[in-house]
Amino acid sequence: MPDHGHVRTFNRIADRYDEKFGRDCETAHTVVLQWARQAGICPERVLDIGCGTGVLLEAAAAEWPGTALLGIDPANRMLAIARRRLAGSEHDLRVAQVEDLPHSDATVDLVLSTTSFGHWTDQAAGLREVARVLRPGGLCVIAEHAPPGWLMATTLKIMGRLPRLADRQQLQQMVQRAGLLAERAEVVPGTFVVTQSRKPAQERL
């Protein structure tokens, strides 16, 4: 059976994931939190899509004390580590796919996702789910690796490790098609494509 999101791999390396990829992820975490801070948001509920071992949610709790921490990830062993890490915080972590978020409509203030977007099975459907769960005016910040050059892309494809990566313009177009307002999109040091979008505020009657 195909493992499009590399879930089996993430479960296998869960215990050593932070040691192996922590520095890379830290760069993406720093950027998305910085952008959310600059956007002036003070969220009551933060959702991390592809939350892995919970490092970004732990940082979000330090950034916004008292915020409710929500996370989804298809890899249950990664979530087991996240639950231990967030034991002292209000959290709700679930094994789930972004294409079918287990959250009610318009209940999340801030959606974050780092180094996960390339593993989404259906990126368009996932972004529509993000738009569904965001409250009007809610913010979404996604950071993902920029597409590699052709040689690296060929190597990763042969190895079966090539995620579905988008460039800045492609990512911006995708969030717009999902019904979100694209506010900002940049390639940042560390070769991450970062996009910030917002759910339109409800029209006044």
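These lines cover the structure that appears in this document, whether it is placed above or below. Worth saying up front: this structure is predicted, and the values here are computed from it rather than measured. (Residues numbered from 1 in each chain as written. Predicted model: local features only at pLDDT ≥ 70, side-chain atom pairs only at ≥ 80, totals over all residues. Heavy atoms only, no water.)

1. Overview of unusual backbone geometry
With the exception of glycine, most residues fall at negative phi, and the peptide bonds are largely trans. Backbone geometry places Ala106, a non-glycine residue, at a positive phi of 50°. Mapped onto the elements, Ala106 comes out in the loop between strand E3 (91-95) and strand E4 (108-114). For Thr115, which is not glycine, the phi torsion reads 50° and is therefore positive. Look at Thr115 and you get buried, because its relative accessible area is 14%. (Helix = DSSP H or I, 4+ residues; strand = E, 2+ residues; numbered from the N terminus. Buried < 20%, exposed > 50% of the residue type's maximum accessible area, 1.4 Å probe, protein only.)

2. A word on the pattern of salt bridges
In total, this model carries 11 salt bridges according to the counting rule given. Note that Arg135 is salt-bridged to Asp109, the shortest N-O span being 2.9 Å. Of this pair, Arg135 sits in strand E5 (residues 134-145) while Asp109 sits in strand E4, and the two are 26 residues apart along the sequence. Residue Asp109 is classed as buried on the basis of its relative accessible area of 14%. Residues Glu186 and Arg184 are paired through a salt bridge, measuring 3.0 Å at the closest nitrogen-oxygen approach. On the basis of relative accessible area, Arg184 is assigned to the partly exposed category, the value being 24%. (Salt bridge = Lys/Arg side-chain N within 4 Å of Asp/Glu carboxyl O.)

3. Focus: the packing of aromatic side chains
Taken as a whole and assessed by the stated rule, the structure comprises three aromatic pairs. With centroids separated by 6.1 Å and ring planes inclined at 65°, the aromatic side chains of Phe10 and Tyr17 adopt a geometry described as edge-to-face. The class for Tyr17 is buried, based on a relative accessible area of 12%. Three or more aromatic residues link up through ring pairs in this structure, and these residues are Phe10, Tyr17 and Phe21. (Phe/Tyr/Trp six-rings, centres within 6.5 Å; stacked < 30°, edge-to-face > 60°.)

4. Focus: the nonpolar core
By size, the foremost hydrophobic cluster in this structure holds 27 residues, and its most contacted members are Trp64, Leu110, Leu112 and Val194. Mapped by element, the contributors of at least two residues to this core are helix H2 (17-38), helix H3 (55-63), helix H4 (76-85), E4, E5 and strand E7 (192-198). With six residues, H2 is the single largest residue contributor to this core. Setting aside residues up to four positions removed in sequence, Leu112 forms contacts with Val32, Leu33, Val46, Leu47, Asp48, Ile49, Leu56 and Val141. Membership of the second largest hydrophobic core comes to 25 residues, among which are Ile49, Leu101, Val108 and Val111. (Core = buried A, V, L, I, M, F, W, Y, C linked by side-chain atoms within 4.5 Å. Contact = heavy atoms within 4.5 Å.)

Without other data, these values stay purely geometric and don't point to any function.
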